[in-house]
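# Chains, contacts and geometry: an overview
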Amino acid sequence: MTTAPKTIEADGQTYVACRGLVRLTPNGRGWPGGSETFQVTFTDARGRSRTLRGVRRVTIDVPKTVPAPMPLTPRFTTSEGKQDVESDFSDV
């Protein structure tokens, strides 16, 4: 299982899982020469649950993300010298 968004290529067709979990279940036979197939379940862009059965070849890719660099020395105080977040950890 993995979470969306993901691009799914199943037997040469491309699908996009937009929300929720992507579930990949093997349905094959475990002996030599048996045909291994998969079932892929996901939610599409319209919010409909989709199930692909009998898939022989599947690839699930994570879309590229936008880099969000963090400062090398993060500041935890405001320009007035106060802490950005005050907590006594009683609410955790």
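Let us look at the structure shown here. All chains use their own residue numbering, which begins from 1 and follows the written sequence. This being a predicted model, a pLDDT of at least 70 is required before a residue's local features are given, and a value of 80 or more before pairs of side-chain atoms are given or counted; all residues contribute to the totals for chains, interfaces and linings. In computing side-chain values, all of the structure's heavy atoms are included and hydrogens and water are not.

Further remarks concern the environment of Tyr-15. Numbering goes from the N terminus for both helices and strands, where a helix is a DSSP run of H or I of at least four residues and a strand is a run of E of at least two. When you line up the elements, Tyr-15 lands in strand 3 (residues 13–17). A simple rule labels every residue: compare its accessible area, found with a 1.4 Å probe on the protein chains alone, to the largest value its type can have, and call it buried under 20%, exposed over 50%, or partly exposed in between. On the accessibility criterion, Tyr-15 (21% relative accessible area) is partly exposed. Once you skip the residues sitting within four places of it in the chain, Tyr-15 turns out to touch Lys-6, Thr-7, Ile-8, Ala-10, Phe-42, Arg-50 and Leu-52. Contacts are assigned to residue pairs with any non-hydrogen atoms lying within 4.5 Å of each other.

Here, the term nonpolar core denotes a set of buried Ala, Val, Leu, Ile, Met, Phe, Trp, Tyr and Cys residues that are joined through side-chain atoms within 4.5 Å. Within the largest apolar cluster, 8 residues are counted, these being Ile-8, Ala-10, Ala-17, Val-22, Val-40, Phe-42, Leu-52 and Val-55. The set of elements that each furnish at least two residues to this core consists of strand 2 (6–10), strand 5 (38–43) and strand 6 (49–55).

The rule for pairing is simple: two strands pair if DSSP sees at least two bridges between them. In the sheet, strand 5 pairs with strand 6 via 5 bridges, with the strands oriented antiparallel. Bridging from a neighbouring strand, Phe-42 pairs with Arg-50 of strand 6. Turn length for the strand 5-strand 6 hairpin, with the two strands adjacent in sequence and antiparallel, is 5 residues, and the turn residue Gly-47 shows positive phi of about 85°.

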